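Reading the structure
Listed below, chain by chain, are the residues.
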Amino acid sequence: MRLDKYLKVSRLIKRRTIANDACDAEKVFVNGKPARASYDVKVGDIIEINMGKTPLKVKVLKVVEVVGKEGADQLYEVQ
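Structural notes, computed from the coordinates. (Residues numbered from 1 in each chain as written. Predicted model: local features only at pLDDT ≥ 70, side-chain atom pairs only at ≥ 80, totals over all residues. Heavy atoms only, no water.)

The secondary structure content of the protein chain amounts to 2 helices and 5 strands. From first element to last, N terminus to C terminus, the protein chain shows the α and β order α-α-β-β-β-β-β. For the protein chain, whose C-alpha radius of gyration is 11 Å, the value lies close to the compact-globule estimate of 12 Å for 79 residues. On the principal axes, the C-alpha backbone points of the protein chain span a range of 30 × 25 × 25 Å. (Helix = DSSP H or I, 4+ residues; strand = E, 2+ residues; numbered from the N terminus. Rg over C-alpha atoms; globule rule 2.2 N^0.38 Å.)

Right, here's the structure in full:
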């Protein structure tokens, strides 16, 4: 799954266009490297989001196409 879509599905970022813009501005890192929106997310990846005051670092636990808001927090683990 593309990184921008994963960020939206997991509800780490509210909209896919915002996720895409964050990737273009190099505010999203995967495994310590700046990531493009087209990056293919895999289980075990470490995603860092540097938007706002507090950076967020999560580990990908599952990659699914559709999930409800109750299950969105089960897709990742905050580091």
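Here the narrative resumes, following the displayed structure.
Our next topic: the nonpolar core. Grouped together as the largest cluster of nonpolar side chains are 21 residues, with contacts concentrated most on L3, Y6, L7, V28 and I47. Among the elements of the structure, α1 (3–9), α2 (16–24), β1 (28–30), β3 (46–49) and β4 (56–60) are those that each provide at least two residues to this core. It is α1 that provides the largest number of residues to this core, a total of 4 residues. (Core = buried A, V, L, I, M, F, W, Y, C linked by side-chain atoms within 4.5 Å. Buried < 20%, exposed > 50% of the residue type's maximum accessible area, 1.4 Å probe, protein only.)

A word on the sheet that holds β4. Taken together, the 5 strands give an open sheet; going across it, the order is β2-β1-β3-β4-β5, and neighbouring strands pair in antiparallel fashion. Sheet topology places β2 (33–34) and β5 (76–78) at the edges, where each strand pairs with a single neighbour. Sheet topology places β3 next to β4; 4 bridges connect them, and they run antiparallel. Looking across to β4, one finds that E48 is bridged to K57. (Pairing = 2+ DSSP bridges.)

A few words on the side chain of D4. Relative to the assigned elements, D4 resides in helix α1. In this structure, D4 is in contact with R16, A19, N20 and A37, ignoring residues within four places of it in sequence. (Contact = heavy atoms within 4.5 Å.)

Within α2, burial applies to A19, A22 and C23. Take α2 and look down its axis: the buried residues cluster within an arc of 100 degrees, on one side only. Of the exposed residues in α2, those oriented more than 90 degrees away from the buried face are T17, D21 and D24. Packed against the buried residues of α2 are α1 and β1. In the stretch just after α2, E26 is the one whose phi turns positive, near 55 degrees. (Arc of directions from axis to C-beta.)

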